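Structural features, examined
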Amino acid sequence: MTSTYFAEGLPYMIVNSAADALFTVMGLSLSTLGLTTVLHLPWNLKFLVGPFVDQFETKRRWLLGTEVVLCLLLLVLTIVGGDEAPVWLLAVVFMAVAVLSATHDIAVDGFYLEGLDKPGQSRYVGYRAGAYRVAMLLVSGPLLGLAYVSGWRMAWLASLVVMMALTGYHAVALPRPEQRQRPIGQLLARLLAPRVLLVLTVIVGVGAWGWETDYWGVTDGIAAVFASVPLLGRMSLPGWISMSLLLVLIVLLIQIDRLQAILRRHPSEYAESFVVFLAKPRVAQVLAFVLLYRVGESFLQKMRFPFLHREADVSMGFYSFANGTVGFAATVAATLLGGWLIARDGLKRWIWPFVIAQNLLNLLYAGLAFAPDPSAISGTVITIVIAVEHIGAGLGTAVFMVYLMRCCDPRHKAAHMALLTALMSVGYTLAGLASGSLAELIGFGPYFVLTFVATVPAMLLLLVVPYVDR
């Protein structure tokens, strides 16, 4: 569990942290840097790949195959180099890494669900979170430091060596818990069919030409309309994709009976995975719960450091140290403890205590904000608040990840987990977009109270969602 989830976090942070740092030191304009949000797009769309991971080969083969290709891409980065390389070439390689990394995520989650029974899935959830966070810290800290001291080629080479070691270990050590499905050649034949390639070429070509030339001024007109709306004007492309996913799910949910009738007349294994999910009991409540669960967390995370820096006079160095040491240790310990308790006593016993712990501890920051002089608060107190809040976050993460796994149908594990995690990002993204405006409007004290109030709808949904008794 630790090695696979470390291997999941490494390429994710290369795309979402190291790539941003590289493009920044290359001196790209802010508007161009904003376009790097497109690199996150594969994670928003990974639910489209989930059914393929379920229906072809095994999760183990998908996991190893994507890791081999990721090694090849890191080798390309090592050869290409850093700030002296063409921007377009780096963008292409990073996008390829993003696509393979998102597919690798699906395979790792699916392998986790295949290889462990329900108690095991709960027990090891803390190892997942801990290993993933270690990878994030190593990329955002030592790897970027190596790039600064020895150059980007050495940073990419170090990443390549680590990924090759993980791939070799996984090839030898990973068990084989499932039967092989259809060979990958059948999928490749479908994807490389002339009509599919023609459609993709036309879409990419027309989209690139239209955006580059702004034919008839359409994109400028659309941008001007959305720019007048505060929330929409700040939304990134991944945010729009997340919104679109939510709207599509709502439409499909409304039309579920018609979809099932169409599927009976024209069977489709790909569509079946989505229809099966939407036909689950009380699926609307499940979707709403997944959508709203992280809203309060998003509000808190977006404004936590701005408050501490501006009002409590906390330096970025102190915050990074407290967050990356005490906070990290508290999160991992709490997630490990939460997973162990859920495995021992069941989800029903701990879901309410853990959810309340996660959400109620948001009010610690409200207490700091309402202090007569936040700048007079000692560093010890602030460190304790960070640690305790991270404990709540770790417990909340443990219970939420276990709940998501309980929602996955045994026949469509990878597809359903990819769908749920993609939907999870919708509420998180929208809350993050609104956070700055809300904090400026009402002030930090009321804002942190609001971060708790925003968790109430998800807690109310706990009264009606299924799969809690498992």
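1. Quick look at the nonpolar core
Counting 73 residues, the largest nonpolar core has Phe 289, Val 290, Val 399, Tyr 403, Leu 404 and Leu 423 as its most contacted members. Leave out the neighbours within four places in its chain, and Tyr 403 touches Val 286, Phe 289, Leu 347, Val 465, Pro 466, Tyr 467 and Val 468.

2. A few points about the pattern of salt bridges
Two side chains carrying opposite charge are able to pair once their charged atoms lie near each other. Inspection of the entire model under this criterion finds 13 salt bridges. The residue Glu 57 makes a salt bridge to Arg 180 at a minimum N-O spacing of 2.8 Å. Taken as a pair, Glu 57 in the loop between α4 (50-55) and α5 (59-80) and Arg 180 in the loop between α9 (152-173) and α10 (184-191) lie far apart in primary sequence, 123 residues in all. The exposure class of Arg 180 is partly exposed, given its relative accessible area of 46%. For Arg 294, the salt bridge goes to Glu 297, with nearest N and O atoms at 3.1 Å. Considered together, Arg 294 and Glu 297 belong to a single accessibility category, that of buried residues.

3. Section: the packing of aromatic side chains
All told, the structure shown has 23 aromatic pairs when counted by the stated rule. The ring of Trp 350 carries the charged tip of Arg 349 above its face, separated from the ring centre by 4.1 Å.

4. Focus on helix α18 (residues 295-310)
The terminal C-alpha atoms of α18, which comprises 16 residues, lie 23 Å apart, in line with the 22 Å expected from a rise of 1.5 Å per residue. Approximately 35° is the largest bend angle found in α18, and it occurs at Met 303, with the proline Pro 306 only one to four residues beyond. Those residues of α18 not exposed but buried are Val 295, Gly 296, Glu 297, Ser 298, Phe 299, Leu 300, Met 303, Arg 304, Phe 307 and Leu 308.

5. Concerning the state of the cysteines
As enumerated under the stated definition, the model contains zero disulfides in all. The cysteine Cys 407 is free of any disulfide, with Cys 408 supplying the nearest cysteine sulfur at 6.8 Å.

6. Observations regarding the environment of Leu 191
The topology assignment puts Leu 191 in helix α10. Judged by its relative accessible area of 40%, Leu 191 is partly exposed. Not counting residues up to four positions away in its chain, the partners in contact with Leu 191 are Val 196 and Leu 197.

7. A word on the packing of helix α19 (residues 316-345) against helix α20 (residues 347-360)
Relative to each other, α19 and α20 sit at 145°, their axes nearing to 7 Å. Between α19 and α20, the residues in contact are Gly 338, Leu 341, Ile 342, Arg 344 and Asp 345 and Leu 347, Arg 349, Trp 350 and Phe 354, respectively. Residue classes in the contact of α19 with α20 are distributed as five nonpolar, one polar and three charged.

8. Here's the deal with the side chain of Lys 413
Among the structural elements, Lys 413 can be located in helix α23 (residues 413-442). When its relative accessible area of 16% is taken as the criterion, Lys 413 is described as buried. Residues contacting Lys 413, with those up to four places away along its chain left out, are Asp 54, Leu 113, Glu 114 and Cys 408.

9. Regarding the side chain of Thr 451
Here Thr 451 is to be found in helix α24 (residues 444-453). At 2.5 Å, the side chain of Thr 451 forms a polar contact with the backbone oxygen of Phe 448. Those residues in contact with Thr 451 that lie beyond four places of it in its chain are Gly 296, Phe 299, Leu 300 and Asn 362.

So, how was this worked out
- Counting restarts for each chain, with residues numbered from 1 along the sequence as it is written.
- Restriction of local features to residues with pLDDT of at least 70 applies here, the model being predicted, together with a cutoff of 80 or more for giving and counting side-chain atom pairs; totals for whole chains, interfaces and linings are based on all residues.
- Side-chain metrics in this entry use all non-hydrogen atoms of the structure; hydrogen atoms and water are not considered.
- Residues belong to one nonpolar core when they are buried, are Ala, Val, Leu, Ile, Met, Phe, Trp, Tyr or Cys, and are joined through side-chain atoms within 4.5 Å.
- To sort residues, take the accessible area from a 1.4 Å probe on protein chains only and compare it with the maximum for the residue type: under 20% means buried, over 50% means exposed, and anything in between is partly exposed.
- Contacts were defined at the residue level, with two residues in contact if any of their heavy atoms lie within 4.5 Å.
- The salt bridge definition used is simple: a Lys or Arg side-chain nitrogen within 4 Å of an Asp or Glu carboxyl oxygen.
- Each helix corresponds to a stretch of at least 4 residues labelled H or I by DSSP, and each strand to a stretch of at least 2 residues labelled E; elements are numbered beginning at the N terminus.
- The criterion for an aromatic pair is that two Phe, Tyr or Trp rings (for Trp, the six-membered ring) have centres within 6.5 Å, with stacked assigned to planes under 30 degrees apart, edge-to-face to planes over 60 apart and tilted to the rest.
- Charge-over-ring placement is defined geometrically: NZ (Lys) or CZ (Arg) within 6 Å of the ring centre, and within 35 degrees of the ring normal.
- Expected span of a helix: the number of residues minus one, times 1.5 Å.
- Think of it this way: the bend at a residue is just the angle between two axes, each fitted to seven residues, one set ending at that residue and the other starting at it.
- Whenever a pair of cysteine sulfur atoms sits within 2.5 Å, that pair is classed as a disulfide.
- Under this scheme, a helix contributes an axis fitted over its contacting stretch, all axes are lines through C-alpha atoms, and angles between N-to-C directions fall in the 0 to 180 degree range.
- All residues other than Ala, Val, Leu, Ile, Met, Phe, Trp, Tyr, Cys, Pro, Asp, Glu, Lys and Arg, Gly among them, are scored as polar; the first ten of these are nonpolar and the last four charged.
- Two N or O atoms form a polar contact when they lie within 3.5 Å of each other; inside protein one atom must be a possible hydrogen donor and the other a possible acceptor, and for residues adjacent in sequence the pair counts only when both atoms belong to side chains.

Read these as layout, nothing more, since geometry by itself doesn't imply function.
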